[in-house]
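Structure at a glance
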Amino acid sequence: MRAQQIAVIIVAAGSGMRFKSKTPKALAMLKNWPLIHHSLHIFEHIPSIHDIIVVGRKEDLRRFESLHSRFKKIRAIVPGGKTRADSVKCGLLALDSKTAMVLVHDAARPLISQALVLRLIAAVRRHKAAIVAVPVKATVKEVDAKGWIKHTPKRSYLWEAQTPQGFEANLLVRAHQRKGGDATDDAMLVERLGTKVKVVMGDYRNIKITTPEDLCIAKEIA
Ligand code: CTP
Ligand code: MG
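Structure report, in brief.

Brief notes about the overall build of the chain
When helices and strands are counted, the chain shows 8 helices and 11 strands. Relative to the globule expectation of 17 Å for 222 residues, the C-alpha radius of gyration of the chain, 17 Å, shows essentially globular dimensions. Taking the principal axes of the C-alpha coordinates as reference, the chain spans close to 50 × 40 × 30 Å. A burial count over the chain gives 47% of its 222 residues as buried. Contacts spanning at least 24 positions in sequence make up 69% of the contacts within the chain whose residues lie at least 6 apart. Carbon and sulfur atoms make up 53% of the accessible area of the chain, which amounts to about 12,100 Å² in all. Of the charged side chains in the chain, 38 are positive and 20 negative; the average position of the first set lies 2 Å away from that of the second.

Here it is in structure tokens:
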């Protein structure tokens, strides 16, 4: 796989319901910069990445337009869909046909590092599909609809998935051709094809900004 054929899709087309803010979550400020700038800055400065596609809500797109002048690798800013999987699909349609590898990243995770992205790229080159994740620190319970514990999975086998997640472009396109409304990440869709996905060490600082408190935590660790 040639290094210059890597594209990134940054999804920022959610409604930010749990964040409870009028401004789009991706434009919330963290240390003087909108959330989405933090990860864009990291991807922009990795030489092997050639294209970035930003996916936003249709009504927010005008507010994302200024990203073009700041980040030269942005190829397109496109409207997303109803679910996260729909939004990734919209991003896939904007890819250059020569793209060999795609990294998908949530705008809601601003605290990635260059080292983390390079680890992921190396794993995707080797295994075709890989995600960053961290070992779960808590004991996790599977609970039924009435609130009774069904099962306690062995903690040492549990990892919390993060983004970016990376795939050979053809593989990710095939995974998204199937219905995936319930999929909360891309690996889930690739797993359903029967393809093995490699897990590489993420970073506990790579938190997802979901509620307003998460932004306070991010300000502390940024
Ligand atoms: N996302 C998207 N399109 C959707 C839903 C989500 O691009 N239809 C993106 C979000 O913008 C975010 C990432 O997927 O960057 C992870 O989603 P989440 O943290 O759940 O963000 P929101 O869906 O915006 O928030 P909420 O679920 O609270 O409404
Ligand atoms: Mg959501």
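Structural notes on the site of ligand 1
Around ligand 1 sit 18 residues, and of these Ala13, Gly16, Met17, Ser87 and Lys208 come closest. A distance of 3.3 Å separates an oxygen atom of ligand 1 from a polar atom in the backbone of Ser15. Counted by class, the shell around ligand 1 contains 6 nonpolar, 6 polar and 6 charged residues.

Details of the pattern of salt bridges
Here the structure, examined in full by the defined rule, presents 10 salt bridges. Two residues, Asp186 and Arg84, come together in a salt bridge whose shortest N-O distance is 2.9 Å. Of the two residues, Asp186 is situated in helix α7 (residues 186-192) and Arg84 in helix α4 (residues 84-93); the sequence distance between them amounts to 102 residues. One salt bridge in this structure joins Asp203 and Arg205, with 3.0 Å as the shortest N-O distance. Exposure remark for Asp203: the relative accessible area of 13% places this residue in the buried category. By sharing partners, the salt bridges in this structure join Asp51, Arg75 and Asp96 into a single network.

A look at helix α5 (residues 114-127)
Taking 1.5 Å as the rise per residue, α5 with 14 residues should run 20 Å; its terminal C-alpha atoms sit 20 Å apart, in good agreement. Those residues of α5 that fall on the buried side of the exposure criterion are Leu116, Val117, Leu120, Ile121, Ala123 and Val124. Along the long axis of α5, the arc covered by the buried residues comes to 165°, so they all point the same way. Phi turns positive, to about 75°, at Lys128, one or two residues after α5.

Reading the values: the criteria
Residues numbered from 1 in each chain as written. Chains lettered and ligands numbered in written order. Predicted model: local features only at pLDDT ≥ 70, side-chain atom pairs only at ≥ 80, totals over all residues. Heavy atoms only, no water. Helix = DSSP H or I, 4+ residues; strand = E, 2+ residues; numbered from the N terminus. Rg over C-alpha atoms; globule rule 2.2 N^0.38 Å. Buried < 20%, exposed > 50% of the residue type's maximum accessible area, 1.4 Å probe, protein only. Contact = heavy atoms within 4.5 Å. Areas by Shrake-Rupley, 256 points an atom, 1.4 Å probe, with all protein chains shown as cover. Lys, Arg positive; Asp, Glu negative; His and termini not counted. Charge placed at Lys NZ, Arg CZ, Asp CG, Glu CD. Near = heavy atom within 4 Å. Polar contact = N/O pair within 3.5 Å; in protein donor to acceptor, adjacent residues only side chain to side chain. Nonpolar A, V, L, I, M, F, W, Y, C, P; charged D, E, K, R; others polar. Salt bridge = Lys/Arg side-chain N within 4 Å of Asp/Glu carboxyl O. Expected span 1.5 Å × (residues − 1). Arc of directions from axis to C-beta.

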